[in-house]
Amino acid sequence: MGFQVIPSIDIAAGRLARFTPQGPITLGDFGGDPVTAAESFLSSGARWLHLVDMDLAFTGTALNVDTVMAVRRVALFSAAKIQTGGALAHRDDVDHLLDVGADRVVLGSAALADHDLVDRLSASLGDRVVVGLEVDGDRVRSRGRVQVDLSLGETLAWLADTPCARFLLTAVRRVGSLGGPDLSALDAVLGLGRPVIVAGGIADLDDVRAVRATGAEGVVVGRAAIEAGLDLAAAIALGPNEPE
């Protein structure tokens, strides 16, 4: 499978949103409609969409299930798939998102405080679960309602012995910044021998190329595609982008 460019759609109260350290802010792009944004991304050739329930992440309540299902229906027409997240740290939330149509789910960094949970979910769900690593320097720091502050090195050491199939590496200080990717931790994560998707700071085609050159499996693009005019079709054309 080739390099993947995965557009991100953050959702708050059913509307298109963007993460800030103070919480989500709603956006007017695409009329504020996550489904319209999804249709645009799919028409540009996206084969995966990354959906984040910001209400679940910040309040613990999944308020955007109907919107996730609506995007899922649109994706099905294009033979595309969705991965979803929202600071997931409980089995019930994971199962619920899979039940409503997610193809795979992303565990939040808060889940990393529970080694048994990560082991069980990775073993039982296989490729349907992605382990999220929200990294700030040499620390793993969550951004949702449940805060964790873990050593990245120690975290990678025990993850090496788990059956987790894939990682999503997010540079927390770059999210929404359009400041370019921070790839300083990528070699260590790639060293676990699993596919890694990179997120945070992507602004332009050069940033996408820089991530692709590392050997990462893919890159998540959010604000660049929604607010900053990234040519998503050109980004996707940089490498094959087929669903599994």
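Cut-off values and rules
- Residues numbered from 1 in each chain as written.
- Predicted model: local features only at pLDDT ≥ 70, side-chain atom pairs only at ≥ 80, totals over all residues.
- Heavy atoms only, no water.
- Helix = DSSP H or I, 4+ residues; strand = E, 2+ residues; numbered from the N terminus.
- Rg over C-alpha atoms; globule rule 2.2 N^0.38 Å.
- Buried < 20%, exposed > 50% of the residue type's maximum accessible area, 1.4 Å probe, protein only.
- Contact = heavy atoms within 4.5 Å.
- Phe/Tyr/Trp six-rings, centres within 6.5 Å; stacked < 30°, edge-to-face > 60°.
- Axes fitted to C-alpha atoms, helices over the stretch in contact; angles between N-to-C directions.
- Parallel < 35°, antiparallel > 145°, perpendicular 65-115°, else oblique.
- Left-handed = near helix turned anticlockwise from the far one by under 90°.
- Polar contact = N/O pair within 3.5 Å; in protein donor to acceptor, adjacent residues only side chain to side chain.

**Student:** Honestly, the overall build of the protein chain in this entry has me stumped. Any pointers?
**Tutor:** Scanning the protein chain for helices and strands turns up 10 helices and 12 strands. Taken over the C-alpha trace, the protein chain has a radius of gyration of 16 Å; the compact-globule value for 244 residues is 18 Å, and the two agree within 12%. Looking at the protein chain as a whole, 55% of its 244 residues are labelled buried. At a minimum sequence separation of 6, the contacts of the protein chain that also span at least 24 residues come to 64%.

**Student:** Help me out: how do you make sense of the packing of aromatic side chains in this one?
**Tutor:** Two numbers describe a pair of aromatic rings. These are the distance of the centres and the angle of the planes. A complete count under the given rule lists two aromatic pairs for this structure. Considering the side-chain rings of Phe 19 and Phe 58, the 6.0 Å spacing of their centres and the 25° angle between planes classify their relative orientation as stacked. Placement of the pair is Phe 19 in the loop between strand 2 (15-18) and strand 3 (25-26) and Phe 58 in helix 2 (residues 54-59), with a sequence separation of 39 residues. Residue class for Phe 19 comes out buried when judged on its relative accessible area of 13%. Given the relative accessible area of 26%, Phe 58 is considered partly exposed. Geometrically, the ring pair formed by Phe 30 and Phe 41 is edge-to-face, given 5.7 Å between the ring centres and 80° between the ring planes.

**Student:** Teacher, can you tell me more about the packing of helix 1 (residues 34-43) against helix 3 (residues 65-77) here?
**Tutor:** Packed helix pairs are characterised by how far apart their axes lie and by the angle those axes make with each other. Where helix 1 meets helix 3, the closest approach of the two axes is 9 Å, and the angle between their N-to-C directions is 25°. Judged by the inter-axis angle, helix 1 sits roughly parallel to helix 3. Once helix 1 is placed against helix 3, the crossing between them reads as right-handed. For the pair helix 1 and helix 3, the contacting residues are Pro 34, Val 35, Ala 38, Glu 39 and Leu 42 in the first and Thr 67, Ala 70, Val 71, Val 74 and Ala 75 in the second.

**Student:** Explain the side chain of Asn 64 here, please?
**Tutor:** Its place among the elements puts Asn 64 in the loop between helix 2 and helix 3. What makes Asn 64 buried here is its relative accessible area of 1%. At 2.7 Å, the side chain of Asn 64 forms a polar contact with the side chain of Asp 53. Those residues within four positions of Asn 64 in sequence are excluded, and the remaining contacts are Ile 11, Ala 12, Ala 13, Gly 14, Asp 53, Met 54 and Asp 55.

**Student:** How do you make sense of unusual backbone geometry when you look at a structure like this?
**Tutor:** In terms of backbone geometry, most residues other than glycine have negative phi values and most peptide bonds are trans. Non-glycine residue Ala 13 carries a positive phi angle of around 50°. Here Ala 13 lies in the loop between strand 1 (4-12) and strand 2. Looking at Ala 13, the relative accessible area reads 61%, which means it is exposed. Even without being glycine, Leu 178 reaches a positive phi, approximately 55°. Mapped onto the fold, Leu 178 is located in the loop between strand 10 (167-171) and helix 7 (186-190). Judged by relative accessible area, which is 29%, Leu 178 ranks as partly exposed.

Geometry only, nothing functional implied.
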